[in-house]
Amino acid sequence: MINVTIAIDDIHPEKGWGLPGDKCMEYLDKLNKEFGAKFTLFIPSNYHNKYPLSEHKDWIDWLKSKDYFELAAHGHYHMCERTDIGECEFFELDTEDKVQSRINLMMNEWGKVGHNPVGWRNPGWLAHPEAVKYLGSYFKYSAVHYDHNHNLQWDCKMIFGHDGIHETDINLHNGNIMFQSHIAGDWNDNCWNEQNYKQMQMSLKFLTENNDVVFKTIEEVTCRKKVIYLIAVGDIDYFNHTYPLIEKYAAKINADIRIFDNNDLRKTNYPSPNFLIFDVFKEFVNSEYEQMLYIDADIRIMNQATNIFDEIDTFGMVQDHKADLWRRAKMQEWLDKHHNGLTVKHYFNGGVLASNKSSIKQLLSVVPNDIIEFWHTTKDMFPHGYNQNILNYCIIKSGIKYQELSAKWNRICRNASENDYFIHYVANKNQIQTDLDKFKDNNYNPNITMTL
Ligand SMILES: [Zn+2]
């Protein structure tokens, strides 16, 4: 799956430069309708000291009403006072005072139109090292040029790539296709004129016909709101088979992946990597992500799996396939013994967990301080259990609002069918991607039987 972003610089409220009814804006609308293209608009907040955003709030609102635009910052005046360096506004700002006061002017304009841009691009590609020092902290990403950035380190994410919309030789940049353009201007080759629009139409047609392409704004590529956590410690062969599918799924739902590994385990005294789930929770609540999915590393994600976050409002898990048989009763027995007054209604399998931040915070508030000591109190009833009973205890104790997800989101492999989404191999780890696996290569083969 390839992300395609299209950036457009210098848009401002001037006839021919981004107003409603301008030909260039019609082209963008057409490419969105035809291909689903999205655009990141790099907007100077007071272009050439003539177009302050605060006097054009209607225009900003109009841009924001279109869900295929991201509005990002691109300097204030865009131009310089000096006449010998082109329009590299932030290249001539070489002291903290100059930089900060220009940033203030700019952020004021954005503030007055009620938009907080998360992205930035230097006007004229260049910025003074002194400016870069301060700019980064105002934004979540900076879209920079391989050469013109001069190896400066920004205090935010950096994203590279600038293939002109008029070009036919397009490169991949860290897995993304990054088209770059200017809305207008005689001095640029990559403006939104008719010729370049037609070229883009051909490029996008080619890309969408020959690749698995997803259009995104640069914000969507750089600032993901979702994360998939995995615990993969030690020598687990099956991970080679499950991980590529997890990666594919992450791309599909636009999530980052964070793997807890040997390094994370080494910092703890846990007798099993399973307990790292509580460290996953702690990292998540302190992260910038809004939603998390935890899945066991021995889960095979099928191609047809949809976005699990579409299924849950706050917190969702799948009941253990043995919940109704005996685990729930056993859990109740254990609660009665150690935590009188608590009632188990669902007994969840620890293999799949999707949640927003506030539910995990609520869960963490009841996680015992000494997890291992607590674990020992579960062993009278669950001599072979690790984190799962503690997790279920925390769910009950915290009283979080949860949803029981359908079993297809965490199906025990021996009961699996071609309609399932996440298939949990549990004790069948050595069967994954062998002839015994009826989902080998994701092709359902009903003739292969699996046993536990
Ligand atoms: Zn520009």
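No experiment lies behind these values; they were computed from the predicted model shown.

K.L.:
Would you mind going over the pairing of strand β2 (residues 39-43) with me for this structure?
P.N.:
On any regular strand, side chains alternate: one points to one face of the sheet, the next to the other face. In terms of residue burial, β2 counts as a mostly covered element, since 5 of its 5 residues are buried. The two faces of β2 match: Phe-39, Leu-41 and Ile-43 on one face and Thr-40 and Phe-42 on the other face are all buried. Where strand β1 (residues 2-9) lies against β2, 3 bridges are found, and the strand directions are parallel. Pairing of Asp-9 across the sheet is with Phe-42, part of β2. Direction of pairing for β2 relative to strand β5 (residues 69-73): parallel, over a ladder of 5 bridges. Directly across from Phe-39, in β5, lies its bridge partner Phe-69.

K.L.:
Explain the packing of helix α9 (residues 277-285) against helix α11 (residues 357-364) to me, please; I cannot follow it from the model alone.
P.N.:
When two helices pack together, their arrangement is captured by the angle between the axes and the distance separating the axes. Running from N to C, α9 and α11 cross one another at 130°; their axes reach a closest spacing of 10 Å. When the axes of α9 and α11 are compared, the pair comes out oblique. Crossing geometry of α9 relative to α11 is assigned as left-handed. Here Phe-281, Lys-282, Phe-284 and Val-285 of α9 lie close against α11, whose contacting residues are Lys-357, Ile-360, Lys-361, Leu-363 and Leu-364. Looking at the contact of α9 with α11 residue by residue, the classes come out as 6 nonpolar, no polar and 3 charged.

K.L.:
Help me understand helix α2 (residues 57-64), please; the structure alone is not making it clear to me.
P.N.:
A turn of α-helix holds 3.6 residues, and therefore any two residues three or four places apart point the same way. Of all the positions in α2, only Trp-59, Ile-60 and Leu-63 are classed as buried. Taken down its axis, α2 places every buried residue within 100° of arc, on the same side. Those residues of α2 that are exposed and angled more than 90 degrees off the buried face are Asp-58 and Asp-61.

The rules behind the values
Residues numbered from 1 in each chain as written. Predicted model: local features only at pLDDT ≥ 70, side-chain atom pairs only at ≥ 80, totals over all residues. Buried ≥ 20, exposed ≤ 12 C-beta atoms within 10 Å, placed from the backbone. Helix = DSSP H or I, 4+ residues; strand = E, 2+ residues; numbered from the N terminus. Pairing = 2+ DSSP bridges. Axes fitted to C-alpha atoms, helices over the stretch in contact; angles between N-to-C directions. Parallel < 35°, antiparallel > 145°, perpendicular 65-115°, else oblique. Left-handed = near helix turned anticlockwise from the far one by under 90°. Contact = placed C-beta atoms within 7 Å. Nonpolar A, V, L, I, M, F, W, Y, C, P; charged D, E, K, R; others polar. Arc of directions from axis to C-beta.

The quantities given are spatial measurements derived from coordinates; they are silent on function.
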